[in-house]
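Chain and residue survey
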Amino acid sequence: MRLRSWKARSKRALVAASLMTTVVAGTAGWAMGNEQQPLTGPPPGTNSWRTDRSLDVRLPDPATASPARISAFFDSLSPVERQRLVARHPSVVGNLDGAPIPLRYEANSRFLKQELARERARSTDPDLTLQDHERARSLAVRYEELLAPGRQILAFDPRGRGQIAEVYGDLPAAEHVSVVVPGSDIDLNTFDRSKDKYGTPAGMGHSLRTAADARTAVVAWVGYTTPVGLGPDAATGRLAEAGAPRLVRFAQGLTAVGAPRPAVFCHSYGSVVCGLAAPRLPAADLVVFGSPGMRADSVSDLHTTARVWAAKDDSDWIDNVPSVELFGLGHGEDPTDPGFGARHVPAEQAEGHTGYFAPGTDSLRAFALIADGEASPDGTTPTGART
């Protein structure tokens, strides 16, 4: 009986791998053109930071110093010394995991203003092309939007397609923290697009913050290079492997400044990132939804102390993706499969691949309970339920 079961699984795996190979090959004409190069390494401006001796001390290297070490370094500085670093190196301080949260907000505001001035100048530079002018005007509009009063930008990196993290709520005072990790087609420009609102990190973050307790803060994190469209990037773990260490470091930066271990909400390809990050991720909960897999066969394979939750609605197209990882294609078992061992999150009222955070859905209500630390240990009877 066991042999027959093993043969059946092997046959399914081979069929699925063959199907995925066919799909990838068939889309290679356009998908390969969209192959993304992951953004890795320390923040922009790091070289200048490394050579700065204005404080008569060696500044901690953003590439090698742990967030805990960076937090301790800033604790040793006076307010005047902190402000000096913000003024001299806003692009580093704003993206430095372990730096004080309010200081990062201030640094990113300064960095955005610098980039805004730069793009405005480029938009009329006679040495540039009309296409360059148009691109510069578009970026200037984007930066103006991010500088709107009340926005709390925790990370901002304009390189490549751009990366960003935004906070909803009072993060320094929060009793509970959640981090939203998005999937494909998300970058600086699509982070908060109005189309498909609840499929964007900003939309998910706003919705969760509204549904959760006032003591809960939410961070929408776009700190890795996401796949564009369908194709090799989405079918393999290459970009997730580059993004996982960045997610780990970001979460370590939160806990280094005193924030509680976060609940990490991972959508679609973002759940692949979370699965690879899990062993080192200081998370209280890992919540995956619309997941193609976590590069693991079961919860135990994640090697995490976090509680693992999974949601998938019946209308989500991700259900058509083969639950297999073979020859580098696919992302493994379906986390909502009972055999995977994740705790169940109801999603009967969610619609499609991006409807899990829509107001009034059972999935959002469950997510809010998890975010607030009110879900029961068995994951089936949330305590303190709110309507």
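These remarks concern the structure in this document. (Residues numbered from 1 in each chain as written. Predicted model: local features only at pLDDT ≥ 70, side-chain atom pairs only at ≥ 80, totals over all residues. Heavy atoms only, no water.)

Section: the sheet that holds strand 7 (residues 307-311)
An order of 1-2-4-3-5-6-7-8 is seen for the 8 strands of this open sheet, with the pairing classed as mixed. Every interior strand has two partners, whereas the edge strands, strand 1 (152-157) and strand 8 (343-344), have only one. When strand 1 meets strand 2 (residues 163-168), the two strands line up antiparallel, connected through 5 bridges. Its bridge partner lying in strand 2, isoleucine 153 is registered against glutamate 166. Packing of helix 8 (residues 201-211) onto the sheet brings it into contact with strand 2, strand 3 (176-181), strand 4 (216-222), strand 5 (263-267) and strand 6 (285-289), and relative to strand 4 it is tilted by some 175 degrees. Its contacts with the sheet put helix 10 (residues 238-256) on strand 1, strand 2, strand 3 and strand 4, and the angle it makes with strand 4 is roughly 150 degrees. (Pairing = 2+ DSSP bridges. Helix = DSSP H or I, 4+ residues; strand = E, 2+ residues; numbered from the N terminus. Contact = heavy atoms within 4.5 Å. Axes fitted to C-alpha atoms, helices over the stretch in contact; angles between N-to-C directions.)

A short note on the layout of surface pockets
Taken as a whole, the second largest pocket spans an internal volume of roughly 410 Å³. As for the second largest pocket, its lining consists of 24 residues, and the residues nearest its centre are Gly41, Asn95, Asp97, Arg246 and Arg249. Elements that contribute at least two residues to the lining of the second largest pocket include exactly strand 1, strand 2, strand 4 and helix 10. Sorting elements by how many residues they give to the lining of the second largest pocket places helix 10 first, with 4 residues. Across the lining of the second largest pocket, the residue classes break down as 14 nonpolar, 4 polar and 6 charged. (1 Å grid on protein atoms, 1.4 Å probe; cavity = no way out; pocket = protein on both sides within 12 Å on 5 of 7 lines; lining within 4 Å. Points joined across faces, edges and corners; volume = space filled by probe spheres on them. Nonpolar A, V, L, I, M, F, W, Y, C, P; charged D, E, K, R; others polar.)

A few points about a negative patch on the surface
Among the surface-exposed residues, Asp297, Asp301, Glu333 and Asp337 lie close enough to one another that they form a single negatively charged patch. Following the sequence through the fold, aspartate 297 ends up in the loop between strand 6 and strand 7. (Patch = residues over 30% accessible without salt bridge, like charges linked within 9 Å, V, L, I, M, F, W, Y side chains within 5 Å. Areas by Shrake-Rupley, 256 points an atom, 1.4 Å probe, with all protein chains shown as cover. Salt bridge = Lys/Arg side-chain N within 4 Å of Asp/Glu carboxyl O. Lys, Arg positive; Asp, Glu negative; His and termini not counted. Charge placed at Lys NZ, Arg CZ, Asp CG, Glu CD.)

Overview of helix 6 (residues 101-122)
Taking 1.5 Å per residue, 22 residues should reach 32 Å; helix 6 reaches 31 Å between its end C-alpha atoms and fits that length. All of the buried residues in helix 6 are Ile101, Leu103, Arg104, Tyr105, Ala107, Asn108, Phe111, Leu112, Glu115, Leu116 and Glu119. (Expected span 1.5 Å × (residues − 1). Buried < 20%, exposed > 50% of the residue type's maximum accessible area, 1.4 Å probe, protein only.)

Digging into the state of the cysteines
Joining two cysteines, a disulfide is a covalent bond between their sulfur atoms. Throughout the structure, instances matching the rule amount to 1 disulfide. The disulfide bridge from cysteine 266 ends at cysteine 274, spanning 2.2 Å between sulfur atoms. Between cysteine 266 and cysteine 274, the S-S torsion sits near -95 degrees, and that sign places the bridge as left-handed. In terms of burial, cysteine 266 and cysteine 274 fall into one category: buried. (Disulfide = S-S within 2.5 Å.)

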